[in-house]
Number of protein chains: 2
Amino acid sequence: MRQTLEFLLHDWLKVSELTQRERFAEHSAETFAAVLDTCEKIAREKFAPFNRLADTQEPHFDGERVHLPESTHAALAAYVESGMLAAAQDYELGGMQLPCVIEMAANAFFSKANIAMGGYVMLTNGNANLLMAHGTPLQQEVFAKNEFAGRWFGTMCLSEPQAGSSLSDVATRAEPDGEGFEADPLGPRYRLKGNKMWISAGEHEISENIVHLVLAKIPGPDGKTIPGTRGISLFICPKHLVNERAELTGERNDVALAGLNHKLGYRGTTNCLLNFGEGRFQPRGQGGAIGYLVGRPGEGLKCMFHMMNEARIGVGLGATMLGYAGYEASLEYARQRPQGRPMTAAGKDAAAPQRPIIEHADVKRMLLAQKSYVEGALALELFCARLVDEQHSGTPAQAAAAGLLLEVLIPIAKSWPSEWCLEANSLAIQVLGGYGYTRDFPVEQYWRDNRLNMIHEGTHGIQGLDLLGRKVVMNGGSALLALAGRINETVQAAVQVPALAQHANELAAALAQVGKATKAAWSTSNPEEALANATPYMQAFGHVVLAWLWLDVVLAAQGESDFARGKQAAQRYFFTYELPKIGAWLAVAASREPVARDMQDAWF
Amino acid sequence: MRQTLEFLLHDWLKVSELTQRERFAEHSAETFAAVLDTCEKIAREKFAPFNRLADTQEPHFDGERVHLPESTHAALAAYVESGMLAAAQDYELGGMQLPCVIEMAANAFFSKANIAMGGYVMLTNGNANLLMAHGTPLQQEVFAKNEFAGRWFGTMCLSEPQAGSSLSDVATRAEPDGEGFEADPLGPRYRLKGNKMWISAGEHEISENIVHLVLAKIPGPDGKTIPGTRGISLFICPKHLVNERAELTGERNDVALAGLNHKLGYRGTTNCLLNFGEGRFQPRGQGGAIGYLVGRPGEGLKCMFHMMNEARIGVGLGATMLGYAGYEASLEYARQRPQGRPMTAAGKDAAAPQRPIIEHADVKRMLLAQKSYVEGALALELFCARLVDEQHSGTPAQAAAAGLLLEVLIPIAKSWPSEWCLEANSLAIQVLGGYGYTRDFPVEQYWRDNRLNMIHEGTHGIQGLDLLGRKVVMNGGSALLALAGRINETVQAAVQVPALAQHANELAAALAQVGKATKAAWSTSNPEEALANATPYMQAFGHVVLAWLWLDVVLAAQGESDFARGKQAAQRYFFTYELPKIGAWLAVAASREPVARDMQDAWF
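Residues numbered from 1 in each chain as written. Chains lettered and ligands numbered in written order. Predicted model: local features only at pLDDT ≥ 70, side-chain atom pairs only at ≥ 80, totals over all residues. Heavy atoms only, no water.

## Thoughts on the interface of chain A and chain B
Thought 1: Across the boundary between the two partners, chain A contributes 91 residues, which contact 91 residues of chain B.
Thought 2: Buried surface at the junction of chain A and chain B, summed over both partners, amounts to about 8000 Å²; 60% is from carbon and sulfur atoms.
Thought 3: On the chain A side of the contact with chain B, Tyr 437, Trp 603 and Phe 604 of chain A bury the most area, a combined 12% of that side's loss.
Thought 4: Our count for the contact surface shared by chain A and chain B stands at eight salt bridges.
Thought 5: The salt bridge involving Arg 439 of chain A is made with Glu 58 of chain B; its shortest N-O contact spans 2.8 Å. (Contact = heavy atoms within 4.5 Å. Buried area = accessible area lost by both parts, 1.4 Å probe. Salt bridge = Lys/Arg side-chain N within 4 Å of Asp/Glu carboxyl O.)

Here is the structure:
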């Protein structure tokens, strides 16, 4: 993977150009490489050896405490020690001022080695970043800084048992905590009461404290909350109360573990139902979880969504790395496992020795499919991360252009690897055959772990609605136009290369098909009709994006080296086996096929 | 499921017509229904409640014995009590003389309730059936009869650690067991030595004895075995030795458990590495597993393959039932789970109560996809089982016609549900969202259990090679022509129905595409070129077969009832969302796309 990663970062995305910007002026190709080296090493030594253990020694709750394997504590201590939690932060905050694209690339090693352990740091980082964007200076000093330092870990508490995809139904209430609640230096102080579901890293003893970021509604004077998402505010609820000098006060906040969820995969990350304010604990003499308002009342979701792009790139990259891990495991197996003989016109010679299965065309097809999925997905995630850097450190024009592209690419960055790198994991199992179905090999775990990614951080269906319902139509379709412009640049470059000209034309045709389907889907201006096939539309859109990226990547990988030939073969695989799939998906979107919409409960 | 099952059996497959045949003369729609009632009840009461337990209380070996949950013993005792093990056998053997299609339909309830428990009886039945076809009268009396009675269970021992898909590499040796070895009343007696891998039901204490059917090679006078499959013979190796009166002699045969495989799913069925003849036991004073030859030397695979059709229908039906179980679980959940509100042109009313998710188009799409996969697959398996009845009890002309169709349909019967009912299981998880990812709901287990089916009983790749490499080209393509004739009959009938005419034409066009791709794949007469894309070819072939069956089923389900409307919607779903997928698969097969074949190890 390292060679492909370096190629994508340097030859394709030209990350060294970032060092010309003031923020990254002290960096160089060498400092970037040093970060990757360090992370690759920690991941290999502290994370990878315990991937199976994190699965089999699932977190358990003894009624008082949640227990995790000692190796999880050790791995996260090593991660904290590396300083990676603050990788992108200012030097003065103890950070490294790394570009987002390098930070993501470095974290990819941890996801590949042990996705479940990586969950803790991803959440902590996202939590602290949110506070850097929306918290008060003291909230940043007390909470964010201690999260970047790894002293405290963080969570995101959005879902509730009755409010998963439908966040507008959040029922957790936040009431002002008595007289003078507004004057608390840590922020306006409320008492929260409600249940939060699916909270990853919601309980553990890895860090001294856990900083929960919680969505809740502040009732009006009539005691009622505002229906919908407009009524949602955001609060910091530390598990243990702290003072403004970031010292633990010794008081436990009223946040109680109601139970651990026992999952199909991703088991090493605790996942919890948390009760806020049930009265189990009595901070300052009474029940109710103490929470400090972040940002303004009613703007909780807006604050959350500010970090959504990076969170969704993170999920997509996690899915990608699970796919990559399975690809490498099955490639290694296929090189070593003898089975069968080549089929020739003269039949098979049963007396000849068996051949490694990597010589069989169908096995090569399965490996090539995986390669095209996982390397393509890696290109997608790094490309998006690079756009985040354009947003954060580019010129205003660069930032605007990048922001527009991200609008349409983020749903793909989240959904595409979740679906296709899961398929890669299934193919990895298939390459190993019966052995792949046993727990003696890692591929079955990758497949189980990866199945989460189509569900959390906005389900597959939600991503489709976001893409077709909002992103491609917003501002007169300007984001889609911007993407089309970029794709056309690649097409123009590729038509000049004889070996790629036909594929360039196929990509141009595919892009036109997406444009036509988008218009046709919305031609009746009826959201019910347009959006009934948002998921197949997104699948087609994703495949076109990936075809574009593959063509663009291969423009940077010409020549006859083994490395280049591999990239060219993966690109060709994608164009011959995958891109033609878009016809079936776009047809139902364009025709506004009504069969699903018209289906009645009683007919099932 | 019961209503759909009855509809397929009676309205579509006209199973009552079978009762006009002498063999089934004592049967009627009522006796068929009684069998289904009994099996449905036993499956509901004795199998289903313990499906999760069979997964969590995985078989374990204490060094002496393999332990299974008590509920597995009880469930299998109830199954044996029902007489279903001998369902298709002659009355004089204690059987019920049921048609294959009714036997399969009845067994479907067990697969749906607890696939892993069902594994034991499926193997026992297949084993005993093989002996009825190829064993001597005494082998049938001693072994088969006691298997049909459930006193002993059976296995199939084909694979070895170095010989999975490549059975020609079987290395287990069988040497004559001393002077007079040929005169043993139980059959020519040999001593077997070798290791057998992936042996399902290979060790347990559910039954008094285990009858292993083992592939091994008899060395020639020079001590060498014949390379390839021609050298393979078949042997009965009972775990405990028995005499010709079917009494246990008290001696343990030299068959030893080397280890249990710990699997991703299907955990309730023990899966073993067995050592034959390692000397752990000393039957009749010496090491070496005693085995009795079945059929003639060198014809072991031929005997095995005789039962292959029913075994592959059984695997396909198992995959189908796992899909069905997930479909029903997610349908039930979708009807009860409130989340979100309908999207209308006026937006959403956040103050309105949440709606059951079955009202959302994307959820209906996922349910409809599952319905089209699992009900379509059920139709496929029952259709194939009905053809087996034509083979066994039809006129010679009927038998020949059925046999020809089965040649091309069996690879689909095995592969299609393995792939698409697995996809159904993934969609079931998706419908349940986060809950589907927990072990509190059954859908994640169905998905894990079902992943086996693309691997065992001939992998997906092997099925593709069988289809494109042999079945569609054998005898000048006569099997493919026979299938095309049947499909055209359906097309002719459907063009008469206004609502179906367009779909009939689409099916005819799809069939023509398959024909063209078949010819194009073989146009260079080079197996390497033709077969490099055998798997995508098979995927397309399977989708065309399913489209045909759906159209045919819907011809029998016209009208406006809820039931008929459901079938019509599933058929329409299949034609609009699924059938168009064949273009991408057939394109690579027809163009003999070389990218996978040309790929080199060093390029990965």
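## Here's the deal with the environment of Arg 355 of chain B
Residue and element names in this part refer to chain B.
Thought 1: Counting through the fold element by element, Arg 355 comes out in the loop between α8 (308–336) and α9 (361–393).
Thought 2: Sequence separation between Arg 355 and Pro 49 is 306 residues; the distance between their C-alpha atoms is 31 Å.
Thought 3: Within polar-contact distance, the side chain of Arg 355 engages the side chain of Glu 359 at 2.7 Å. (Helix = DSSP H or I, 4+ residues; strand = E, 2+ residues; numbered from the N terminus. Polar contact = N/O pair within 3.5 Å; in protein donor to acceptor, adjacent residues only side chain to side chain.)

## Some details on the side chain of Asn 450 of chain B
Residues and elements named next belong to chain B.
Thought 1: Within the fold, Asn 450 resides in helix α11 (residues 443–450).
Thought 2: Among the polar contacts made by the side chain of Asn 450, one reaches the main-chain carbonyl oxygen of Ala 319 at a distance of 3.2 Å.
Thought 3: A polar side-chain atom of Asn 450 sits 2.9 Å from a polar atom in the side chain of Asn 425.

## Let's talk about the UniProt feature "domain: Acetyl-CoA dehydrogenase-like C-terminal" (unreviewed entry) in chain A
Thought 1: Per the UniProt record, "domain: Acetyl-CoA dehydrogenase-like C-terminal" (unreviewed entry) is found at residues 484–599 of chain A.
Thought 2: End C-alpha atoms of residues 484–599 of chain A are separated by 35 Å, and the span's content is 79% helix alongside 0% strand. (UniProt positions renumbered as here; feature names shortened; annotations may be inferred.)

## A few points about the side chain of His 543 of chain A
All names here are of chain A.
Thought 1: Looking at the secondary structure, you find His 543 in helix α16 (residues 534–555).
Thought 2: Assessed through its relative accessible area of 0%, His 543 is described here as buried.
Thought 3: Dropping the residues within four chain positions of it, His 543 is found in contact with Trp 416, Trp 420, Phe 574, Glu 578, Leu 579, Lys 581, Ile 582 and Trp 585. (Buried < 20%, exposed > 50% of the residue type's maximum accessible area, 1.4 Å probe, protein only.)

## Examining the environment of Thr 459 of chain B
Thought 1: Examined against the element boundaries, Thr 459 of chain B turns out to sit in the loop between α11 and α12 (460–471).
Thought 2: When neighbours within four sequence positions are excluded, Thr 459 of chain B is seen to be in contact with Gln 430 of chain A together with Ser 165 and Met 454 of chain B.

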